[in-house]
Amino acid sequence: MSGVRVPAVTWARPMGLPCDRVSRPRVPGLIDDGEWTGVPIGGLGAGSIGRSFRGDVNRWHLEVGRHAFRPVAADAFSVFVARGDRREAHVLAAYRPWELPAWGFDLPVGSGTYHALYPRAWQAFEPEALGGLRLTSEQLSPVIAGDLVRSALPTGTFEFRLENPGTEPLTVGIMGSWANPLSARVTDGPVAGPWQEVVAGGEALGIAFHDAGDGPPGLRGTFALAAAAADGVELTARSRFDARFDRELWADFADDGRLTTGDPEADRRPALAGEALGGAVCATLTLAPGEVRSVRFAVAWDLPVTAFGGGRCWWKRYTREWGRSGERALDIARHALAETPAWREAIEAWQAPVVDDASLPGWYRAALFNELYFMVDGGTFWEAGEVGGPDPDPDDPGRFALLECLDYPFYDTVDVDFYASAAVVELWPQLERRGIRDLLATVSGADAATVTIEASGVRASRKDAYAVPHDVGGPDEDPFLRPNRYRFQDVNGWIDLAPKLALQVWRDVVLLDDPALVAYARPIVEAALRRLATQDRDGDGLPDHAGLPDQTYDTWPMHGPSAYGGLLWLGALRAAEELARRDGDDAAAAAWHADFERGRASFERRLWRDDLGGYYAYDDGGGASSNSIMADQLAGQWYADLSGLGDLVDPVRAAAALRTVHRVNVVDFGDGLMGAVNGMRPDGVIDRSSEQSQEVWTGTTYALAALMLGRGLTEEAWETASGAAKVTYERGLWFRTPEAYDRDGNYRASLYLRPLAIWAIEEARRRVARGRPG
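What you see is a predicted model, and the numbers here were worked out from it, not measured in a lab. (Residues numbered from 1 in each chain as written. Predicted model: local features only at pLDDT ≥ 70, side-chain atom pairs only at ≥ 80, totals over all residues. Heavy atoms only, no water.)

### Let's talk about the side chain of Thr-700
To be explicit about the condition: Working definition: helices are DSSP H or I runs of at least four residues, strands are E runs of at least two. Numbering for both runs from the N terminus. Nitrogen and oxygen atoms within 3.5 Å of one another constitute a polar contact, given that in protein one can donate a hydrogen and the other can accept it, and given that sequence-neighbouring residues count only through two side-chain atoms. Residue contacts are counted whenever heavy atoms from the two residues lie within 4.5 Å of one another.
Relative to the assigned elements, Thr-700 resides in helix H16 (residues 698-710). There is a polar contact of 3.1 Å between the side chain of Thr-700 and the backbone oxygen of Trp-697. Apart from the residues within four sequence positions on either side, Thr-700 is in contact with Tyr-419, Tyr-553, Asp-632, Asn-678 and Arg-754.

Below is the structure:
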């Protein structure tokens, strides 16, 4: 098994170096954490904690569906180095907090280098920065493709590789410290009651953090910080210090790299209201000249319940293996300490085919994995049964769901998951197999409650029967039981939702080899498509937009038939045909095929334009954008290609349209360095008719690149995708990738779901390698 080492390909940045052109929200009131982000720790559906590239712990998602950005100075790792009579101690962070002014927050910006390749991150320091010690730390969470058990664990490990390159012995101490995070919701101040204790045993020394017993359901449980025992390593700990104004603990550590044992009974005293308390564990050793040793720490939490605004509570997925007591955080931390080498080996084996492929661009190899941060940081929900309900079926992976984003907090947003599910179906296919069935189960139901549409003020029903929902609910209500928390537009009439469901179902049948899905999904898909067919107002075989933003581009109106909606419709008709054929209903398959042929003829006749080398027009309804070139015009063909449905339109025209999109929407926008802008006018200027027409959407850019790659436009594909990655990782948007940004690089909706579509490029690469391009 390999030890701590930084891979050849990562996203890297000098620690704490500010971004000189950091993106800012282009819409007031949206979340803006700034560039101070990094790889989070935590598991799928278990909550997460963010630690930035400058070394501070600052993003708090321990309560599923809630977000807070709050740097906590006490949550840190620190180093002590002594050589002869010289000694020094530093917090391994490059920032200056207002808290803990007596601590050694004195490392300059750039004193070390931060590397990220999710689910791992590294800090690397050369000897001149740390008193002659070469230090590399590795942060790791066991989020591993295909491994449901380990990927769900609420933990992160921190291993420190310590090297003495000099000629004199070094005494080295590494201290992990943490403020009790269970005192209150992160948006409130500390409350009375939480307490800590030192616990030894199990080949580790740790601090167990306890809650007050009366906090929010999602924060009831335990938290732990532990260090692994090893030969020649002395472990010491203190379970109580002032996490805001401490001087004593730091002076103790800075004296000899150890901690003096406190009074156990006094240190267990619960916190008073307004009192922020922490605990610390220290590992101390001596390094001979030339010697290399490692010490390992783990952070874990056991907060077994996800609680939503409607009052319903769910057990988290990891409780299947670890129970529901909420008392096992320290056990999980000990487990993490023991299993880190195996986890590292599994992560490296999973990632090696991409990371070690020198034929791939370096930016892509890093971005592909780093975008997976959202799998734990995206308000992720994964259940193991409802609290008070029956125990889950051991063969059922449990319901899994991701938020669209924290600004738009809706679970399983259908029009967005169409893109983002590329990552889930690729890496955790068991979750997609369950998830598509959960979505199908919501389609037939109706919710007659009247809601006010935010964009127009009109009143509408929350959900009509067999209208595919926009989402399956929001965390402030009762998600999974009450769909359509979104109400910016009336989604009952959206053109893209039913086709996207049909295409995603067919994709899953094919890619997951799931024949049982056919019989279950087919009647639901057919009912949803027949309902949508009533929106063909002129009988040409294509649904007509109502002059509204009635699709995923929900501020960009479409009129009549559109390239985007029309091609999704054609793909859905082919999916319905193949579902019927798989189900043994040749007559229905023939009927769906006849509908497809009629719609295709109308699509070619009404939407093809010969200008600019050829493209399919935004729409054919005489609107402000009708003859604009839309980057996402061939989204339906993308799904058809990856699922074997064949050409939906003339392949020569499709190739021409892709080349036009590349030339106009990519190269002519931002010099080809910013991805694909959603809309361009035929005269070469940005379509500014709406907010969204003038944006680049990160996820649709990646999907477009996948389509290009699958269709043999290799150089165009990589240039297109690289622009989205360049903006993300050079404009301070790392680990908070947005839905959208404009020509100035300013963004809308950070921490967004759709950029997971970068994994569609992997599917396209594999398809091309097998000789089955689009």
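### Considerations on the packing of aromatic side chains
What counts is decided by this rule: Pairing of aromatic side chains requires ring centres within 6.5 Å, counting the rings of Phe and Tyr and the six-membered ring of Trp. Pairs whose planes differ by under 30 degrees are stacked, by over 60 edge-to-face, and all others tilted. Accessibility here uses a 1.4 Å probe with only protein chains present; expressed as a share of the type maximum, an area under 20% marks a residue as buried, one over 50% as exposed, and anything in between as partly exposed.
One pass over the structure, following the stated rule, counts 49 aromatic pairs. When the centroid spacing of 5.9 Å and the interplanar angle of 70 degrees are considered together, the rings of Phe-308 and Tyr-411 count as edge-to-face. Of the two residues, Phe-308 is situated in the loop between strand S19 (305-307) and strand S20 (313-316) and Tyr-411 in the loop between strand S22 (400-401) and helix H8 (414-427); the sequence distance between them amounts to 103 residues. Exposure class is identical for Phe-308 and Tyr-411. Each is buried. On the numbers, 4.2 Å between centres and 10 degrees between planes, the contact of Tyr-553 with Trp-697 is stacked.

### Examining the sheet that holds strand S4 (residues 57-61)
Short version of the rule: Strand pairing is assigned whenever DSSP identifies at least 2 bridges connecting the two strands. The angle between two axes is taken between their N-to-C directions and runs from 0 to 180 degrees, where each axis is a line fitted to C-alpha atoms and a helix contributes only its stretch in contact.
Taken in spatial order, the four strands line up as S2-S3-S4-S5 in an open sheet, and their pairing is antiparallel. This sheet does not close on itself; its edge strands, each paired only once, are strand S2 (40-42) and strand S5 (68-72). Between one strand axis and the next, the sheet turns by 30 degrees as a mean value, whatever way the strands run.

### A few points about empty space enclosed by the protein
Test applied: Using only the protein atoms, space was sampled on a 1 Å grid; points where a 1.4 Å probe fits but cannot get out form cavities, open sets with protein on both sides within 12 Å along at least five of seven lines form pockets, and lining residues are those with an atom within 4 Å of a point. Grid points are joined across faces, edges and corners, and a volume is the space filled by probe spheres set on the points.
A full pass over the atoms with the stated rule returns seven cavities of 30 Å³ or more. Roughly 190 Å³ of internal volume is contained in the largest cavity. Taken together, 14 residues form the lining of the largest cavity, with Phe-400, Asp-412, Asp-417, Glu-432 and Gly-435 sitting closest to its centre. Taken together, the elements giving at least two residues each to the lining of the largest cavity come down to S22, H8 and helix H9 (429-440).

### Structural notes on the pairing of S5
Two faces belong to every sheet, and in a regular strand the side chains alternate between them. Here S4 runs beside S5; their pairing, made up of three bridges, is antiparallel. The residue bridging Trp-60 from the neighbouring strand is Ala-68, located in S5.

### Some words on the pairing of strand S9 (residues 120-125)
Counting buried residues along S9, five of its six residues qualify, which places the element largely inside the surrounding structure. The pairing of strand S8 (residues 113-117) with S9 spans five bridges and is classified as antiparallel. Each bridged residue has a counterpart across the sheet, and for Ala-116 the counterpart in S9 is Ala-121. Counting the residues between successive antiparallel strands, the hairpin from S8 to S9 contains two residues. Summarising the sheet, S9 and strand S10 (residues 134-140) pair through six bridges and their orientation is antiparallel. Among the inter-strand pairings, Trp-122 is bridged to a residue of S10, identified as Glu-138.

### Digging into the side chain of Glu-604
By secondary structure assignment, the location of Glu-604 is in helix H13 (residues 586-607). Those residues in contact with Glu-604 that sit more than four places away from it in its chain are Tyr-616, Val-649, Asp-650 and Arg-653.

### Remarks on the packing of helix H15 (residues 651-667) against H16
What counts, and what does not: Angles are sorted into four bins: roughly parallel if under 35 degrees, roughly antiparallel if over 145, roughly perpendicular if 65 to 115, and oblique for all others. For a crossing to be left-handed, the near helix must be turned anticlockwise from the far one by less than a right angle; the clockwise case is right-handed. When residues are sorted by character, Ala, Val, Leu, Ile, Met, Phe, Trp, Tyr, Cys and Pro go into the nonpolar class, Asp, Glu, Lys and Arg into the charged class, and all the rest, Gly among them, into the polar class.
Where H15 meets H16, the axes come as close as 11 Å, and the angle between the chain directions of the two elements is 135 degrees. Our classification of the angle between H15 and H16 gives oblique. The hand of the H15/H16 crossing is left-handed. Touching Leu-658, Val-661 and His-662 of H15 are Leu-704, Leu-707 and Met-708, all from H16. Across the contact of H15 with H16, the residue classes tally to five nonpolar, one polar and no charged.

### Digging into the pattern of salt bridges
Where we set the bar: Here, a salt bridge means any side-chain nitrogen of Lys or Arg that lies within 4 Å of a carboxyl oxygen of Asp or Glu.
Tallying each qualifying case throughout the model produces 71 salt bridges. Arg-606 is the partner of Asp-540 in a salt bridge, and the nearest nitrogen-oxygen pair spans 2.8 Å. Remark: Arg-606 occurs in helix H13 and Asp-540 occurs in the loop between helix H11 (516-533) and strand S25 (545-548); sequence separation between them is 66 residues. The exposure class assigned to Arg-606 is buried, which follows from its relative accessible area of 16%.

### Re the packing of helix H12 (residues 563-582) against helix H14 (residues 635-642)
Their axes nearest at 7 Å, the elements H12 and H14 cross at an angle of 25 degrees. Taken together, H12 and H14 sit at an angle that is classed as roughly parallel. Taken together, the residues of H14 that come into contact with H12 (itself represented by Tyr-564, Leu-567 and Leu-568) are Ala-635, Gly-636 and Gln-637. Here the contact of H12 with H14 is built from residues that sort into four nonpolar, two polar and no charged.

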